[in-house]
Amino acid sequence: MMPKNSLSVNKELIPDQPLVERVPFPFKGNSYRYSNNAASLESGRLLDITPEYFEEIELKRHLLETVPDRTYQSLEHSMEAQWEILEMIMNEMASAHPNYFSLNKDGNRWTFINHLLGEEQTFTFGDAQTLPYEPLDFIGRHVQEDLIYLGQRDGDLYLEAGQLAFPANWSLAFDLGMDFLSIHSPVPKAFSGSGLAEKVRGFIMRIEAGKPWTRFNWTITVEPVLDTAPENFDEWGHKKEQVTVDNVGELVYLRVEDQRLFRLPGSNGILFGIHTHLISLDELCKNHQWMNQFYNVLLDLPDELAEYKGFISYKEKIVSYLENKIKISSPI
Ligand code: HEM
């Protein structure tokens, strides 16, 4: 085994591919409005392991060590659900990615091996004392996804535990214990004051075990910053002032969250996984269909959404950049 702090042991195991061929594109057509845009998750899998695995795990672990309250929160009664999540994820890791991970079970004595990082952990399933972190925190340190657990009780959903290293400007510490509608209360009225949030809550509460769902959320950000928490707004918020007509293509990124929802049959809660992808506008424009769709979406987007997503001050620069790119790619 390699030393624990060596985070790039087997980089060559993950095949590389250009971002433009693997980042999910969040738009179906030429317009975007809030809706329940969830679709059945055909793969049935939570995890997506990309070439960014090593740098993202390193960053995630660094944040968990340096800003623990911001990145990990749990209520005491989430412990059973946390074990259920750990089991679900370890089973998927070992069955879907046997080159990267293995899991040996000898009764309750389990050994989990991460071959990518050269790490091994033996523990007793169900006994938190045998792991260095709480189960959700432990397994989250091996996956790129942020992991949120929602308890379902009294006809509602409550945020009861989460590991969140890469938030799109929301606070886990602030939202801990909140119900679904309160969590969404900062979102514009088109979602939070129109009855849509209630419908989405009802939809999530009816999700069945073995029938997971997926949806994309998106925003725009400056520089490839994953950790856009409100608590460190002073570090990333001012970056938008750097955007000019000349640098917009390389400085501005589309941020896509691939969100997946699973019913946990044991605890009857919901596991909400969020995998965040970033792609610069220059890179995105290599796909001409995406370039055209994104341009049309932005032209048609209500100001209220651009304001909430935080890019209204430089939206015009993005639109002119895309307009020029489109002209160059199809002259006449
Ligand atoms: C089908 C399921 C869901 C839908 C349709 C949905 C919809 C939305 C929408 C439209 C936004 C605004 C995003 C933007 O404009 O950038 C949002 C934000 C958000 N959603 Fe959801 N959501 C879903 C599930 C969840 C779940 C399960 C959680 C778990 C905690 C969650 C937590 C959040 C948070 C924290 C925000 C940011 C709110 C803030 O500004 O503080 N969502 N959601």
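As a reminder, the structure under discussion sits directly above these lines.
Each value, and the rule that gives it
Residues numbered from 1 in each chain as written. Predicted model: local features only at pLDDT ≥ 70, side-chain atom pairs only at ≥ 80, totals over all residues. Heavy atoms only, no water. Axes fitted to C-alpha atoms, helices over the stretch in contact; angles between N-to-C directions. Helix = DSSP H or I, 4+ residues; strand = E, 2+ residues; numbered from the N terminus. Left-handed = near helix turned anticlockwise from the far one by under 90°. Contact = heavy atoms within 4.5 Å. Nonpolar A, V, L, I, M, F, W, Y, C, P; charged D, E, K, R; others polar. Polar contact = N/O pair within 3.5 Å; in protein donor to acceptor, adjacent residues only side chain to side chain. Phe/Tyr/Trp six-rings, centres within 6.5 Å; stacked < 30°, edge-to-face > 60°. Buried < 20%, exposed > 50% of the residue type's maximum accessible area, 1.4 Å probe, protein only. Lys NZ or Arg CZ within 6 Å of the ring centre and 35° of its normal. Near = heavy atom within 4 Å. Donors = N, O, S within 2.8 Å, 3.2 Å for Na, K, Ca; no water. Core = buried A, V, L, I, M, F, W, Y, C linked by side-chain atoms within 4.5 Å. Pairing = 2+ DSSP bridges.

(A) Fine view of the packing of helix α12 (residues 288-300) against helix α14 (residues 315-329). Across the interface, α12 lies against α14 with an axial gap of 10 Å and an inter-helix angle of 140°. Judged by the twist between their axes, the crossing of α12 over α14 is left-handed. Along its contact with α12, which presents His288, Met291, Asn292, Phe294, Tyr295, Leu298 and Leu299, the element α14 presents Lys315, Ile318, Val319, Leu322, Glu323, Lys325, Ile326 and Ser329. The residue makeup of the contact of α12 with α14, split by class, is nine nonpolar, three polar and three charged.

(B) Structural context of the side chain of Gln259. Mapped onto the fold, Gln259 is located in strand β9 (residues 252-263). A polar side-chain atom of Gln259 sits 2.6 Å from a polar atom in the side chain of Arg215. Engagement of the side chain of Gln259 in a polar contact is seen with the side chain of Glu257, the distance being 2.8 Å. Setting aside anything within four residues of it in sequence, one finds Gln259 in contact with Trp213, Thr214, Arg215, Asn217, Phe272, Gly273 and Ile274.

(C) Spotlight on the packing of aromatic side chains. The final tally for this structure, using the stated rule, is 20 aromatic pairs. Taken together, a centroid distance of 5.4 Å and an interplanar angle of 85° make the contact between Tyr32 and Trp218 edge-to-face. A residue pair is termed long-range when its members are at least 10 positions apart, and Tyr32 in the segment before β1 (39-40) and Trp218 in strand β8 (residues 213-222) qualify at 186 residues. Residue class for Tyr32 comes out buried when judged on its relative accessible area of 8%. Take Trp218: its relative accessible area is 2%, and that puts it in the buried class. Measuring from ring centre to ring centre gives 6.1 Å for Tyr34 and Phe191, while their planes differ by 80°; the resulting arrangement is edge-to-face. Placement of the pair is Tyr34 in the segment before β1 and Phe191 in helix α7 (residues 189-192), with a sequence separation of 157 residues. Residue classification places Tyr34 among the buried positions, given a relative accessible area of 16%. Among the residues examined, Phe191 registers a relative accessible area of 10% and is labelled buried. The positively charged end of Lys105 is found above the aromatic ring belonging to Trp110, 4.4 Å away from the centroid. Cation over ring: Arg153 sits above Tyr158, and NZ or CZ is 4.3 Å from the ring centre.

(D) Representation of the site of the ligand. Taken together, 21 residues lie around the ligand, and Tyr34, Trp170, His184, Tyr308 and Lys309 are the ones closest in. Between an oxygen atom of the ligand and a side-chain N or O atom of Tyr34, the distance comes to 2.4 Å. Contact distances for the ligand include 2.9 Å between an oxygen atom and a side-chain N or O atom of Lys309. Elements with a contribution of two residues or more to the shell around the ligand: α6 (180-183), α8 (196-205), β8 and α13 (303-309). In terms of residues, the shell around the ligand owes the most to one element, β8, which gives three residues. Split into classes, the residues belonging to the shell around the ligand amount to 14 nonpolar, four polar and three charged.

(E) Quick look at the coordination of the iron atom of the ligand. The protein gives the iron atom of the ligand a lone donor atom, His184 (NE2), placed 2.1 Å from the metal. Counting through the fold element by element, His184 comes out in the loop between α6 and α7.

(F) Quick look at the environment of Glu160. Take Glu160: it is sitting in strand β7 (residues 156-163). Sequence spacing of Glu160 and Asn30 is 130 residues, and the spatial spacing of their C-alpha atoms is 37 Å. Apart from the residues lying within four places of it in its own chain, the contact partners of Glu160 are Ser74, Leu75, His77, Ser78, Tyr149, Gly151, Arg153 and Leu176. Here the side chain of Glu160 touches Arg153 through a polar contact of 2.6 Å, side chain to side chain.

(G) Region of interest: the nonpolar core. Core analysis: the biggest nonpolar cluster contains 57 residues, and Ile204, Trp218, Ile220, Phe294, Leu298, Ile318 and Leu322 have the highest contact counts within it. Among the elements that take part in this core, α12 stands out by supplying six residues, more than any other.

(H) Quick look at the pairing of strand β3 (residues 101-106). The pairing of β3 with strand β4 (residues 109-114) spans six bridges and is antiparallel. Residue pairing in the sheet places Leu103 in a bridge with Phe112 of β4. Linking β3 to β4, which pair antiparallel, is a turn of two residues; within it Gly107 sits at a positive phi near 65°.

(I) Fine view of unusual backbone geometry. Notably, Asn169 is not glycine yet its phi reads approximately 60°, a positive angle. Taking the relative accessible area as the measure of exposure, Asn169 reaches 41% and is therefore partly exposed. In this structure, Glu223 takes a positive phi of about 65° despite not being glycine. Residue placement: Glu223 occurs in the loop between β8 and α9 (233-236). The class of Glu223 is partly exposed, set by a relative accessible area of 22%.

(J) Seen up close, the sheet that holds β8. What the seven strands build is an open sheet, ordered β1-β8-β9-β10-β6-β7-β2; its pairing is antiparallel. Of all the strands in the sheet, the pair left with one neighbour each is β1 and β2 (72-74). Pairing of β8 with β9, which is carried by ten bridges, proceeds in the antiparallel orientation. Within β9, the residue paired with Ile220 across the bridge is Leu254. Packing of helix α3 (residues 79-96) onto the sheet brings it into contact with β2, β6 (146-153), β7, β9 and β10 (270-280), and relative to β6 it is tilted by some 130°.

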